[in-house]
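# Report on the structure
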Amino acid sequence: MSKNKKSYFISIEGVEGAGKSTAIEFIKKYLAAYNISCKFTREPGGTEIAEAIREVILSHYQEEMCPYTELLLYFAGRAQHVTKVIKPALAAGQWVVSDRFTDASFAYQGIGRNLPHERIATLADWIHADCWPDLVLVLDVDPEIGLERTRKCRKLDRIEAESLPFFQRVRAYYLACAAKSPERYKLVDASKTPEEVNAEIKEILYPIIQDTICE
């Protein structure tokens, strides 16, 4: 197969415990089989500075973090991430696969924290106006199942330690996006086995890969 001629930006979204890391490992192998050059990254994080911001966001404190502080920290890291990683990779003709992007801010800080949609939209326009994922893979799972999976794997970080209703609101946002814009938001049933999840992802990505390598 020939190397891709068009860059493509994909974000992976979903509540905690949806299996994003496992899905990303599959996508790495799947794209590599087609010789597609791809940058894999994550939010918050992706650069030295953004990873430091990630530590601030996810750590536990005696002091409660203001929701706007949290939102602005995410976008501070995102500014660094977009400028230093995402845009350069896309400009070089690489694909980019990011574990979360701005949809997570609308879901977690907007719906989860009840912050105004328009303020998040203003920040998004300021930080990365024309740089949005071409495709959003939403790994969908009942938050109760996802949280149980996460608890079995590790100690919960500050975001993961939120209440079940919080994650139910987050999930509802993603489901609403998929219902409103199914051509861009693709739902994957993350309650299935990893093999079944991989098969769903493959079905979604295959036509895109074919269109790209055949240009």
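Small disclaimer: the values here were computed from a predicted structure and weren't measured. (Residues numbered from 1 in each chain as written. Predicted model: local features only at pLDDT ≥ 70, side-chain atom pairs only at ≥ 80, totals over all residues. Heavy atoms only, no water.)

## Some remarks on unusual backbone geometry
Along the chain, glutamate 43 connects to proline 44 via a cis peptide bond; the corresponding omega equals -10°. Turning to its location among the elements, proline 44 is positioned in the loop between β2 (38-42) and α2 (48-58). Despite not being glycine, arginine 100 shows a phi value in the positive range, around 80°. Relative to the assigned elements, arginine 100 resides in the loop between β3 (95-99) and α4 (102-112). Using a relative accessible area of 10% as the deciding quantity, one classes arginine 100 as buried. Despite not being glycine, asparagine 114 shows a phi value in the positive range, around 65°. Its place among the elements puts asparagine 114 in the loop between α4 and α5 (117-128). A relative accessible area of 67% places asparagine 114 in the exposed class. (Helix = DSSP H or I, 4+ residues; strand = E, 2+ residues; numbered from the N terminus. Buried < 20%, exposed > 50% of the residue type's maximum accessible area, 1.4 Å probe, protein only.)

## Points about the packing of aromatic side chains
Tallied over the entire structure, the rule returns eight aromatic pairs. With 5.8 Å between their ring centres and 65° between their planes, tyrosine 173 and tyrosine 174 make a pair best called edge-to-face. By the burial criterion, tyrosine 173 is buried, and tyrosine 174 matches it. An aromatic cluster is present here, built from Phe26, Tyr30 and Tyr34 joined pairwise through their rings. Sitting over the face of the ring of phenylalanine 75, arginine 78 holds its NZ or CZ atom 4.6 Å from the ring centroid. (Phe/Tyr/Trp six-rings, centres within 6.5 Å; stacked < 30°, edge-to-face > 60°. Lys NZ or Arg CZ within 6 Å of the ring centre and 35° of its normal.)

## Examining the packing of helix α3 (residues 67-91) against α5
Interaxial distance between α3 and α5 falls to 10 Å at its minimum, and their mutual angle equals 20°. Viewed along their axes, α3 and α5 adopt a mutual orientation that is roughly parallel. Seen along the crossing, α3 lies across α5 with a hand that is right-handed. Contact with α3, carried on its side by Tyr68, Leu71, Leu72, Phe75, Arg78, Ala79 and Val82, involves Arg119, Ile120, Leu123, Ala124, Ile127 and His128 of α5 and no other residues of that element. Of the residues that constitute the contact of α3 with α5, the class distribution is ten nonpolar, one polar and two charged. (Axes fitted to C-alpha atoms, helices over the stretch in contact; angles between N-to-C directions. Parallel < 35°, antiparallel > 145°, perpendicular 65-115°, else oblique. Left-handed = near helix turned anticlockwise from the far one by under 90°. Contact = heavy atoms within 4.5 Å. Nonpolar A, V, L, I, M, F, W, Y, C, P; charged D, E, K, R; others polar.)

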